[in-house]
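# Residue-level structure breakdown
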Amino acid sequence: MPLRSDWSQRTCSMARGLDILGDPWSILVLREVFFGNGRFDAMKSRLEVADSVLTKRLAGLVESGLLEKKAYDDGGRTRQEYVLTPKGEDALPVLNAITIWAEKHLPAPSDQAHLYVIHSGCGKATSSADTCTECGDRLTAANTSWHSRSRSELPIRLSTAAGNGTAA
């Protein structure tokens, strides 16, 4: 989804990537889905975002192939939730990099305002977006947790394209 114009045909791969991942709301929507929070009302509540903004970002992420809709039963009514596709799961290092950079360079307004990238295999925080700096394993959604004290005292395993992980 373009920020100001359509960058999807640019000769620079970074510009083409920013066409989809360059919008802050889209990154925050992906964060919620990685946390296992793929239902519209739950995302809206967590993000404190207008319906129209969330609807537009979700449509763009579905159209771009990062998310897909999955039906679920809401007490007699079928509704849709959003889940990662393999393409969406591949965006994890981007979200990890933003998080790690922000933790390193930006002050947190409170002790609860931190988000750490944890390699579930060894249980250690990492300062690399794609590789555990403690044990050297490659980070994937299946072996990565995020620790957000505003959500939980313990790290939360991420959702994967296969739908594994814990909702928060």
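Keep in mind the model is a prediction, meaning the values are calculated, not measured.

A few words on the sheet that holds strand β3 (residues 115–119). Strands sit in the order β4-β3-β5-β6 across an open sheet of four strands; the sheet is antiparallel. At either end of the open sheet lies a strand with only one pairing partner, and these are β4 (124–125) and β6 (156–157). As paired strands, β3 and strand β5 (residues 144–148) are joined by five bridges and run antiparallel to one another. Each residue of the ladder has a partner; that of Tyr 116, found in β5, is His 147. Its contacts with the sheet place helix α6 (residues 92–105) against β3 and β5, and it is angled at close to 125° to β3.

Here the focus is the confidence of the model for the chain. In this model, the chain carries a mean pLDDT of 92, and residues with pLDDT of at least 70 account for 94%. Taken as a whole, residues 164–168 scores under 50 in pLDDT and shows 15 contacts with residues more than four places along the chain or in a different chain.

All right, on to the packing of aromatic side chains then. In the structure shown here, the tally under the stated rule is two aromatic pairs. Here Phe 34 and Trp 146 contribute two aromatic rings whose centre-to-centre distance is 5.8 Å and whose plane-to-plane angle is 55°, an arrangement assigned as tilted. With Phe 34 in helix α2 (residues 24–34) and Trp 146 in strand β5, this pair connects stretches of sequence that are 112 residues apart. With a centroid separation of 5.2 Å and 75° between ring planes, the pair formed by Phe 35 and Trp 146 is classed as edge-to-face. Of this pair, Phe 35 sits in the loop between α2 and α3 (40–47) while Trp 146 sits in strand β5; the two residues are 111 residues apart in sequence, bridging distant segments of the chain. In this structure Trp 146 comes out as buried when scored by relative accessible area, which is 1%. Ring pairs connect the aromatic residues Phe 34, Phe 35 and Trp 146, which therefore count as one cluster. Across the ring face of Tyr 72, the terminal group of Arg 39 is positioned such that the distance to the ring centre comes to 3.6 Å.

On to the environment of Leu 92, then. Inspection of the secondary structure puts Leu 92 in helix α6. Distance in space between the C-alpha atoms of Leu 92 and Leu 158 is 9.7 Å, their sequence separation being 66 residues. If we skip the residues at most four places from it in the chain, Leu 92 touches Phe 34, Thr 140, Ala 141, Thr 144, Trp 146 and Leu 158.

This part is about the side chain of Ser 148. Among the structural elements, Ser 148 can be located in strand β5. Excluding its chain neighbours within four sequence positions, the residues that come into contact with Ser 148 are Phe 35, His 114 and Leu 115.

The subject of this paragraph is the pattern of salt bridges. One pass over the structure, following the stated rule, counts seven salt bridges. A salt bridge links Glu 32 to Arg 151, with the shortest nitrogen-to-oxygen separation between them at 2.3 Å. With Glu 32 in helix α2 and Arg 151 in the loop between β5 and β6, this residue pair connects regions lying 119 residues apart in the sequence. For Glu 32, a relative accessible area of 0% puts it in the buried group. Under the relative-accessibility criterion, Arg 151 is labelled buried at 16%. Residue Arg 79 is joined to Asp 41 by a salt bridge in which the shortest nitrogen-to-oxygen separation is 3.6 Å. In this pair, Arg 79 is assigned in strand β2 (residues 78–84) and Asp 41 in helix α3, connecting sequence segments 38 residues apart. Connected through shared salt-bridge partners, Arg 31, Glu 32 and Arg 151 make up one network.

Reading the values: rules and limits
- Residues numbered from 1 in each chain as written.
- Predicted model: local features only at pLDDT ≥ 70, side-chain atom pairs only at ≥ 80, totals over all residues.
- Heavy atoms only, no water.
- Pairing = 2+ DSSP bridges.
- Helix = DSSP H or I, 4+ residues; strand = E, 2+ residues; numbered from the N terminus.
- Contact = heavy atoms within 4.5 Å.
- Axes fitted to C-alpha atoms, helices over the stretch in contact; angles between N-to-C directions.
- pLDDT = per-residue confidence, 0-100.
- Phe/Tyr/Trp six-rings, centres within 6.5 Å; stacked < 30°, edge-to-face > 60°.
- Buried < 20%, exposed > 50% of the residue type's maximum accessible area, 1.4 Å probe, protein only.
- Lys NZ or Arg CZ within 6 Å of the ring centre and 35° of its normal.
- Salt bridge = Lys/Arg side-chain N within 4 Å of Asp/Glu carboxyl O.

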